[in-house]
Every structure is written in C-alpha cells, then in structure tokens.
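# Coordinate analysis (summary)
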Amino acid sequence: MGRSLAAVAALAALVTVCGCTVQGTDGKTHSPVHIELPGSKPPSATADGRPGGSDGKPSAPTSKGGAPVMWSPGDSGGGVRELQARLRQADWLFDGPTGTYDDLTENAVKGFQGKRGLPRTGETDTVTWQRLTKMTHEPGKWELYLMGGQPAGPADPRCLTGRVLCIDKTSRTLRWMIDGRTVATMSVRFGAVGTPTREGVFHVYWKSRHHWSTLYDSSMPYAMFFSGGQAVHYSYDFAARGYTGASHGCVNVRDEAAIADLYAQVRTGDKVVVYG
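These notes cover the structure that comes with them. Since we're looking at a predicted model, the values are computed, not measured. (Residues numbered from 1 in each chain as written. Predicted model: local features only at pLDDT ≥ 70, side-chain atom pairs only at ≥ 80, totals over all residues. Heavy atoms only, no water.)

## Quick look at the state of the cysteines
To keep it simple, the criterion reads: Any pair of cysteine sulfurs within 2.5 Å is marked as a disulfide. The buried label applies to any residue whose accessible area, calculated with a 1.4 Å probe on protein chains only, is under 20% of its type's maximum; exposed applies above 50%, and partly exposed to all values in between.
Taken as a whole, this structure holds one disulfide when the rule is applied. Between the sulfur of cysteine 159 and that of cysteine 166 lies a disulfide, 2.2 Å long from S to S. On the S-S bond that ties cysteine 159 to cysteine 166, the torsion sits near 80 degrees, and the link is right-handed. Both residues of the pair, cysteine 159 and cysteine 166, count as buried.

## Focus on the environment of serine 213
Cut-off, in case you're wondering: Think of it this way: any DSSP run of H or I at least four residues long counts as a helix, any run of E at least two long counts as a strand, and we number them from the N terminus. Only heavy atoms enter the contact rule, under which two residues are in contact if any of them lie within 4.5 Å. Within 3.5 Å is the distance limit for a polar contact, defined as a pair of N or O atoms, with the added protein rule that one can donate a hydrogen and the other accept it, and that residues adjacent in sequence qualify only through two side-chain atoms.
You can see serine 213 is positioned in strand S9 (residues 206–213). Note: C-alpha distance between serine 213 and glycine 229 (16 residues apart in sequence) is 9.1 Å. Residues within four places of serine 213 in sequence aside, it is in contact with Ser218 and Met220. A distance of 3.0 Å separates a polar atom in the side chain of serine 213 from the backbone nitrogen of tyrosine 216.

## Section: the sheet that holds strand S5 (residues 163–168)
The test is simple: Paired strands are those between which DSSP finds at least two bridges. Between N-to-C directions, angles cover 0 to 180 degrees, with each direction set by a line fitted to C-alpha atoms, over the stretch in contact for helices.
With mixed pairing, the nine strands of this open sheet are ordered in space as S8-S13-S5-S6-S7-S12-S11-S10-S9. One side of each edge strand has no neighbouring strand; the edge strands of this open sheet are strand S8 (200–203) and S9. The average undirected angle you get between the axes of adjacent strands in this sheet is 30 degrees. Across the sheet, helix H7 (residues 256–265) lies against S5, strand S6 (173–178), strand S7 (181–189), S9, strand S10 (218–227), strand S11 (230–234) and strand S12 (251–253), angled at about 45 degrees from S10, the strand it touches most.

## Remarks on the packing of helix H2 (residues 78–89) against helix H4 (residues 126–135)
This is how it is decided: Roughly parallel means an angle under 35 degrees; roughly antiparallel means over 145; roughly perpendicular covers 65 to 115; every other angle is labelled oblique. In this scheme the crossing of two helices becomes right-handed for a clockwise turn of the near helix relative to the far one and left-handed for an anticlockwise turn of less than a right angle. Here the nonpolar group is Ala, Val, Leu, Ile, Met, Phe, Trp, Tyr, Cys and Pro; Asp, Glu, Lys and Arg are the charged ones; every other residue, Gly included, is treated as polar.
Where H2 meets H4, the closest approach of the two axes is 10 Å, and the angle between their N-to-C directions is 55 degrees. Between H2 and H4, the angle is such that the two are oblique. As for how H2 packs across H4, the hand of that crossing is left-handed. For the pair H2 and H4, the contacting residues are Glu82, Leu83, Arg86 and Leu87 in the first and Trp129, Leu132 and Thr133 in the second. Looking at the contact of H2 with H4 residue by residue, the classes come out as four nonpolar, one polar and two charged.

## Here's the deal with unusual backbone geometry
Leave glycine aside and you will find that most residues have negative phi; peptide bonds, for their part, are mostly trans. The amide bond that connects glycine 96 to the next residue, proline 97, takes the cis arrangement and shows omega of 0 degrees. Here proline 97 is to be found in the loop between H2 and helix H3 (103–115). With phi around 55 degrees, aspartate 179 is a residue other than glycine that occupies positive phi space. For aspartate 179, the position within the fold is in the loop between S6 and S7. Under the relative-accessibility criterion, aspartate 179 is labelled exposed at 58%.

Any link to function would need more than the numbers given here.
In structure tokens form, the structure reads like this:
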C-alpha cells in the first residue's frame, strides 16, 4: 500500500512539472503515464476476460469470412423472424417464420450463401444480410406472422365477465377468458371475403369432437359451433399453409394440442365474442 501511494505521489509531481502530456524518447507527445494499481484491469479487457474495444465491451463475433455476425443458431427474436420471412421470399425457407434460429433456418442460410459464393457458415453475417435484403422486400406483419405467434390485442369489454371465447379479427387471435383472466391464447384464421366470419356476441350451442362438414366435404375436428354453421375448430390447412388460405366462415385454429385442451374446457352455453 505504501509503494502504491508513493507511485501516485510521484505521478502527481510529474504532471505538475510537465503538464497534461509526457514526451517520449521519440520526441512525440503521448498520453499521460498510466499506472496500474493492484487489483485494477486494463481498460480493453472485459469482465469475463475476452478482448474488447476501448469502452471495455466485448467485440462482436465474426464469421469465418471475417464479417460481423448478426444472428446464429440458437438466437431468437424479431430480427430472426424477419430473416426467416426474407428467406421465404427468396425460396430458401418454407416453414415459419418462427422467430427462432433453428436447423431449418441454418440450412436455408447455408444454401443461400453457397449459391452466391459466400462461405457456407449457416450464420447470418452482415455480408449475407446485405445480399438478402437487396433481393427481397421488407416483410409486412402477416408475412412475419404467417404461421401465427403474433401477440393478442386488448380484450373487448364484453369479454371481461364470465367464460368467454374472445376472438379478435384485428390481431387474429382467440383468447379463452374466465372472469377477465386470460387462460390461453392462440392464433386463428377467419373466413374469406365471400364467406366472412360473423361478428357479435354468441354462445356455444353444440360441440362435435370428430365433426365432418357435409357442405364442404372436409374435416372439422374439435368443432364448437356458435352461429349457424360457423364454429371454432382445428384446421389441417391452416396448420400447413398459415394465412395464405382462409376458411368458409369458421374460426380456424392451427395448434392441435391447444384446441384439444380448449375443447375439453369449453362448455355448451359459454359466450363467444367476435370483433375486429
């Protein structure tokens, strides 16, 4: 401790004589002398020991080609979702977007990179991203959420009391609510322009676990009818194609496990609110 104080005192005397800079043996001006006291760390070292910049933050990882990596396998979030949507536009990815950088996304990136003579790393670096963005357009909301996963909007006030299937056309979501509490949320699809899903307040009047539509000659599992022939039910087409298709007026659900659980909870007479 005595030696450290002596070093600091010597430095203070040096600064007083020489001012704010120190002349080197080459005659050039240098920054003031830096004395590393016991327990201090160099400013370019990060807390975990990795090399960093002058601000002490970790350097961005780089790909094998030397470009900074933006996303890599295991990452998730909105950026990954946009990457997947753009890969779909370029016909390199056919599932999703999911928002998770999975094996399918990694293989799609490798294919895209190889086709353009870039290192096939499977990681999305800045060079890969620039190439991809030049070939594609900025994806809209329903391209980003083509297969669901979008957040629900605010619940309609009519959904806040009792047992309610609260169905929002704007956010394309169904919320199963009991006394104002959201029990489950799932993505849904509605009728086409010529066969719109009716809006208003209804009640479940019939449940049919293995329903078959004689009108459209198609399967409607877990059907919960609320207005004439319109029902909430599982849709194989929605599960396969997402929002590229539409129903004949029913409320389609693509998550079979979710609607199976919902079907087990909903009772005949429960309220259905459709709005948007």
